[in-house]
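So you can see what is in the structure, the chains are spelled out below.
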Amino acid sequence: MSKSKPTLPRGTRDFGPEVSAKRTYIIDKIKQNFIKYGFSQLETPSMENLSVLTGKYGDEGDQLLYKILNSGDYLSKTNPSDYELGSKHLTNKIADKGLRYDLTVPFARYVVMNQHEISFPFKRFQIQPVWRADRPQKGRYREFYQCDADIIGSRGIWNEAELTLLFNDVFNDLGLEDYVIKINHREILFMLAEYVELKDQAVAFCAEIDKLDKIGEERVIENVLVLGGDNVKMREVMELLTSNSREHLIEKVSAIDPGNKGVKEIIQYFEALDQFADKNLKIELDLSLARGLSYYTGMIYEVKPTSVQMGSICGGGRYDNLTGVFGLQGISGIGISFGLDRIYDVMEELDLFPEEITQRLEVLIVHFSESNLLHSQTVVMKLREAGIKADLYPESDKIKKQFNYADKIQTPFTLIIGDDEVKTGKFMLKDMKSGNQKPMTLDEIIREFKG
RNA sequence: GUGAUUGUAGUUCAGUUGGUUAGAACGCCUGAUUGUGGUUCAGGAGGUCGCCGGUUCGAAUCCGGUCUUUCACCCCA
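Note that the coordinates shown come from a computational prediction; the quantities given were computed from them, not determined experimentally.

About the thresholds
Residues numbered from 1 in each chain as written. Chains lettered and ligands numbered in written order. Predicted model: local features only at pLDDT ≥ 70, side-chain atom pairs only at ≥ 80, totals over all residues. Heavy atoms only, no water. Helix = DSSP H or I, 4+ residues; strand = E, 2+ residues; numbered from the N terminus. Rg over C-alpha atoms; globule rule 2.2 N^0.38 Å. Contact = heavy atoms within 4.5 Å. Areas by Shrake-Rupley, 256 points an atom, 1.4 Å probe, with all protein chains shown as cover. Lys, Arg positive; Asp, Glu negative; His and termini not counted. Charge placed at Lys NZ, Arg CZ, Asp CG, Glu CD. Phe/Tyr/Trp six-rings, centres within 6.5 Å; stacked < 30°, edge-to-face > 60°. Buried < 20%, exposed > 50% of the residue type's maximum accessible area, 1.4 Å probe, protein only. Lys NZ or Arg CZ within 6 Å of the ring centre and 35° of its normal. Pairing = 2+ DSSP bridges. Axes fitted to C-alpha atoms, helices over the stretch in contact; angles between N-to-C directions. Left-handed = near helix turned anticlockwise from the far one by under 90°. Nonpolar A, V, L, I, M, F, W, Y, C, P; charged D, E, K, R; others polar. UniProt positions renumbered as here; feature names shortened; annotations may be inferred. Domains from an automatic or database assignment. Core = buried A, V, L, I, M, F, W, Y, C linked by side-chain atoms within 4.5 Å. Near = heavy atom within 4 Å. Polar contact = N/O pair within 3.5 Å; in protein donor to acceptor, adjacent residues only side chain to side chain.

A. The overall build of chain A, seen in detail. If you tally the helices and strands in chain A, you get 19 helices and 16 strands. For 451 residues, the compact-globule estimate of 2.2 N^0.38 gives 22 Å, and chain A exceeds it by more than 25% at 29 Å. The principal-axis extents of the C-alpha atoms in chain A amount to approximately 90 × 65 × 50 Å. A sequence separation of at least 24 residues applies to 69% of the contacts in chain A between residues at least 6 apart. Of the roughly 23500 Å² of accessible surface on chain A, 49% is carried by carbon and sulfur atoms. Here chain A contributes 58 positively and 69 negatively charged side chains, and the mean placements of these two sets differ by 5 Å.

In structure tokens, the structure reads:
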């Protein structure tokens, strides 16, 4: 028996009581808003067949998929030549399941499998962990939670607008103010690619554009020229990428192609949201926003914290053919995803969690003897029945030890029960912060907490 | 996958050119204090120096490997 110290797989974490309470707080706020906006909950298995997952996230994504070794004698269906053909080939022979990489693909699978029962438009939300075999670093884990909401089977631009309002409501509820919702439209990016004469390399063009805030204007222009882009036109485009005046941008891109679908949709989108000017939505049209996920075809979103050094905390966009790979064509959808772990990190850094969410108890009962303990048992149950978070120190240790415990768990009040209290029916309620205490009847105590 | 970086007590960290028994602070336990916690004082427990190997008379210290931490690139929540 080796006695090695236990460890966690890298990139994974335990969530202790305090962290867990804070995470639950965030999840609750997100979930309440999902429900308020009419989404229904879906849960899917942690593992999917690899045939469902592979090829959906690009070559990079396939590398990052966690594969599950087949049960039993997983070598029985292989022969030595499979080994010779390399690990990628061998993987297909010995693993046919993998851990889910995101929530969107499992959702698409679900929609296809249940298409006859679903009434479109279908709004679903899903809050579950996903796994990526990435190398961990700041704000990046191998196991993390996504909180997704998707609207599928509707092309109306109100959906785009509504999800923006949902972002706003969630961050309002969380008390998080330092963020900006960046939006863009894939059609506009494609139009710009065509304008700089990179129509056939639109994806590569987008990838370069996306690096703007990291590597700067000059290097982006250089890289685009290497791709074969037009120098003069690219410099015109760069002016657009760095502008944040909505009117100016819409005017300019309209001039390039008045019939562009993206431009039309962006105009409709703002028209809808202008009705909610009182909400002071923090939206920014940013033509340099590209986003990697290849399935997006329309509007794309990203929410970025503004006062904390951190990547995006939410992302999303419209996809026209998500279910196409599973044989169901023509279903358009739009979805957003909240990055729970990153939102947590931002809130922690800005100290935005309310104090009471980590408070375990409202009152702890301490006592002086075995017979006092017996009496205390009925008292603690009465307090609980009254809806008070109450606990009883479960053995008659020295009073000092009991108070020490009350201190450690930061109980705001203790209820002291001794022979005098049992005799008079008045228990000593002590405010642990001030040290003040006074004898009160059970009814008075319940009123104190609930009144 | 590429390139750096970290690891010593429960925690945060010292530890000299390689040299007796590896230290501090905080935390923890006991007592001062048998109906009152936080403060104070006294005492105590706690380490295979991440792991494996190498160099050396001798390694926490030097070298190699491995795991781990953190960070950047790629990509992404």
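Now that the structure is up, let's keep going.
B. Geometry of the packing of aromatic side chains. Going through the model one piece at a time under the given rule, you end up with 15 aromatic pairs. Note on Tyr269 and Phe270: the rings are 5.2 Å apart at their centroids and 70 degrees apart in plane angle, and the pair reads as edge-to-face. Comparing Tyr269 with Phe270, the two get one shared label, buried. Note that Lys123 overlies the ring of Phe39, its terminal NZ or CZ placed 4.8 Å from the centroid.

C. Quick peek at the pairing of strand 5 (residues 122-131). For strand 5, the buried fraction is high: 10 of the 10 residues fall into the buried class. As judged from the two bridges shared by strand 1 (residues 40-41) and strand 5, these two strands associate in the parallel manner. Within the sheet, the bridge partner assigned to Gln41 lies in strand 5 and is Phe125. As judged from the 10 bridges shared by strand 5 and strand 6 (residues 143-152), these two strands associate in the antiparallel manner. The residue bridging Phe122 from the neighbouring strand is Ile152, located in strand 6.

D. Representation of the sheet that holds strand 6. Read across the sheet, eight strands follow the order 1-5-6-11-10-9-7-8 without closing on themselves; strand pairing throughout is mixed. Only two strands of the sheet have a single partner each, and these edge strands are strand 1 and strand 8 (283-285). Direction of pairing for strand 9 (residues 296-305) relative to strand 10 (residues 314-319): antiparallel, over a ladder of five bridges. Bridge assignment links Tyr296 to a residue of strand 10, and that residue is Tyr319. Its contacts with the sheet place helix 6 (residues 104-113) against strand 5, strand 6 and strand 10, and it is angled at close to 135 degrees to strand 5.

E. Just the packing of helix 11 (residues 217-227) against helix 12 (residues 231-241), in detail. Look at helix 11 against helix 12: their axes get within 10 Å of each other, and the N-to-C directions meet at 145 degrees. In the packing of helix 11 onto helix 12, the handedness of the crossing is right-handed. Residue-level contacts link Glu217, Glu218, Val220, Ile221, Val224 and Leu225 of helix 11 to Asn231, Met234, Arg235 and Met238 of helix 12. Partitioning the contact of helix 11 with helix 12 into residue classes produces six nonpolar, one polar and three charged.

F. Layout of the UniProt feature "domain: Anticodon-binding" (unreviewed entry) in chain A. Sites flagged by UniProt as "domain: Anticodon-binding" (unreviewed entry) map to residues 363-450. Counted over residues 363-450, helix gives 47% and strand 25%. Its end C-alpha atoms are 12 Å apart.

G. Examining the domain arrangement of chain A more closely. Assigned domains within chain A: domain 1 (10-176 + 307-356), domain 2 (179-303) and domain 3 (359-450). Each of domain 2 and domain 3 was reduced to a C-alpha centroid, and the two centroids are 62 Å apart.

H. Spatial organisation of unusual backbone geometry. The residue after Phe120, namely Pro121, is reached through a cis peptide bond having omega 0 degrees. Assignment of secondary structure puts Pro121 in the loop between helix 6 and strand 5. Positive phi outside glycine occurs at Glu197, with the angle close to 65 degrees. For Glu197, the position within the fold is in the loop between helix 8 (186-195) and helix 9 (202-209). You will see that Asp351, though not glycine, has its phi angle at about 60 degrees, which is positive. Following the sequence through the fold, Asp351 ends up in the loop between helix 15 (340-349) and strand 12 (363-367).

I. View of the nonpolar core. With 71 residues, the main nonpolar core has Ile26, Phe34, Phe171, Met234, Tyr301 and Phe338 as its most contacted residues. At eight residues, the largest contribution of residues to this core is made by helix 7 (residues 158-174). Built from parts of two domains, this core gets at least three residues from each of domain 1 (10-176 + 307-356) and domain 2 (179-303). Among the nonpolar cores identified, the runner-up in size contains 19 residues, and Val111, Ile118, Tyr319 and Leu328 belong to it.

J. Representation of the protein's contact with RNA strand B in the model. Every one of the 37 residues lining RNA strand B counts as a neighbour, but Arg140, Ser312, Asp407, Lys408 and Met432 are closest to it. Taking Arg140, its side chain carries an N or O atom lying 2.3 Å from a base nitrogen of RNA strand B. Note that a base oxygen of RNA strand B is positioned 3.2 Å from one of the side-chain N or O atoms of Arg342. Secondary structure elements with two or more residues in the surface near RNA strand B: strand 6, helix 17 (399-408) and helix 18 (419-424). For the surface near RNA strand B, the element with the most residues is helix 17, which contributes six residues.

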